[in-house]
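Next come the chains, spelled out residue by residue.
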Amino acid sequence: MIHGNPSGVDNAVSTWGGALRYHQGKISSLKRSPALQILLTNTKVPRNTRALVAGVRNRLLKFPEIVAPLLTSIDAISLECERVLGEMGEAPAPEQYLVLEELIDMNQHHLNALGVGHASLDQLCQVTRARGLHSKLTGAGGGGCGITLLKPGLEQPEVEATKQALTSCGFDCLETSIGAPGVSIHSATSLDSRVQQALDGL
């Protein structure tokens, strides 16, 4: 009811973990993708994915020579991001984070041009940009959530100040990572004895 024709990416990344590539209905896992620290901010603005997707489709039909190049450019941004993440592997370099920040900014501007932005997401981007951070919408847009990339070496007081500034806008904000493991099965024999005792008491 919310997505209309869902891609399956949400379920797949929750199950497999890491980072995924979705292209023309096919989902594949990205190899050697680093775990990235982010702020995940919920603007609390409800959105309807089906309506947003329909809006992009209508805009494409109305302005094909304008919108088709935007979609091509977004695809190119995604491919460049995939390439950089693959290069980052186990030892990311500072300049690679600078490239990711540029890609985030370009992607956000393109998504706004497609009509899936929202004033709340613009506010989120302005708050983080004032602190030298880079943000973009995630999911369908139109409100919902946005992500902010946290570069290594960023001082924790600055992260906390950014979270507080976003919370002051009425948003919910939490620090997390992307590229984490998915569903795991743990053997009972590998559990710490205190954990095993706690489970036995349930």
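Residues numbered from 1 in each chain as written. Predicted model: local features only at pLDDT ≥ 70, side-chain atom pairs only at ≥ 80, totals over all residues. Heavy atoms only, no water.

S.K.: Go over the packing of helix α3 (residues 64-88) against helix α4 (residues 94-114) with me, naming the residues and quoting the values.
M.R.: Relative placement of two packed helices is described by the angle separating their axes and the distance separating the axes. Look at α3 against α4: their axes get within 10 Å of each other, and the N-to-C directions meet at 160°. Put simply, α3 runs roughly antiparallel to α4. The handedness of the crossing between α3 and α4 is left-handed. Where α3 approaches α4, its residues Val67, Leu70, Leu71, Ser73, Ile74, Ile77, Glu80, Cys81, Val84, Leu85, Glu87 and Met88 are matched on the opposing element by Gln96, Tyr97, Val99, Leu100, Leu103, Met106, Asn107, His110, Leu111, Ala113 and Leu114. Classifying every residue of the contact of α3 with α4 by side-chain character gives 17 nonpolar, 4 polar and 2 charged. (Axes fitted to C-alpha atoms, helices over the stretch in contact; angles between N-to-C directions. Helix = DSSP H or I, 4+ residues; strand = E, 2+ residues; numbered from the N terminus. Parallel < 35°, antiparallel > 145°, perpendicular 65-115°, else oblique. Left-handed = near helix turned anticlockwise from the far one by under 90°. Contact = heavy atoms within 4.5 Å. Nonpolar A, V, L, I, M, F, W, Y, C, P; charged D, E, K, R; others polar.)

S.K.: Give me the lowdown on the nonpolar core, citing residues and values where you can.
M.R.: Formed by Leu52, Val56, Val67, Leu70, Ile74, Leu111, Leu114, Val116, Leu121, Leu137 and Ala140, the largest nonpolar core amounts to 11 residues. Counting residues per element, the ones that place at least two in this core are α2 (49-62), α3 and α4. At 3 residues, α3 tops the list of elements feeding residues into this core. Look past the residues within four positions of leucine 114 in its chain and what remains in contact with it is Val56, Arg59, Val67, Leu70, Leu71 and Ile74. (Core = buried A, V, L, I, M, F, W, Y, C linked by side-chain atoms within 4.5 Å. Buried < 20%, exposed > 50% of the residue type's maximum accessible area, 1.4 Å probe, protein only.)

S.K.: Could you give me a rundown of the pattern of salt bridges, with the residues and numbers involved?
M.R.: Evaluated as defined, the whole model comprises 6 salt bridges. Here glutamate 87 and arginine 83 are joined by a salt bridge, their closest N and O atoms 2.5 Å apart. Separated by 4 residues within a single helix, glutamate 87 and arginine 83 lie in helix α3, roughly one turn from each other. Looking at glutamate 87, the relative accessible area reads 47%, which means it is partly exposed. Judged by relative accessible area, which is 40%, arginine 83 ranks as partly exposed. Each of the salt bridges in this network shares a partner with another, and the network as a whole consists of Glu80, Arg83 and Glu87. (Salt bridge = Lys/Arg side-chain N within 4 Å of Asp/Glu carboxyl O.)

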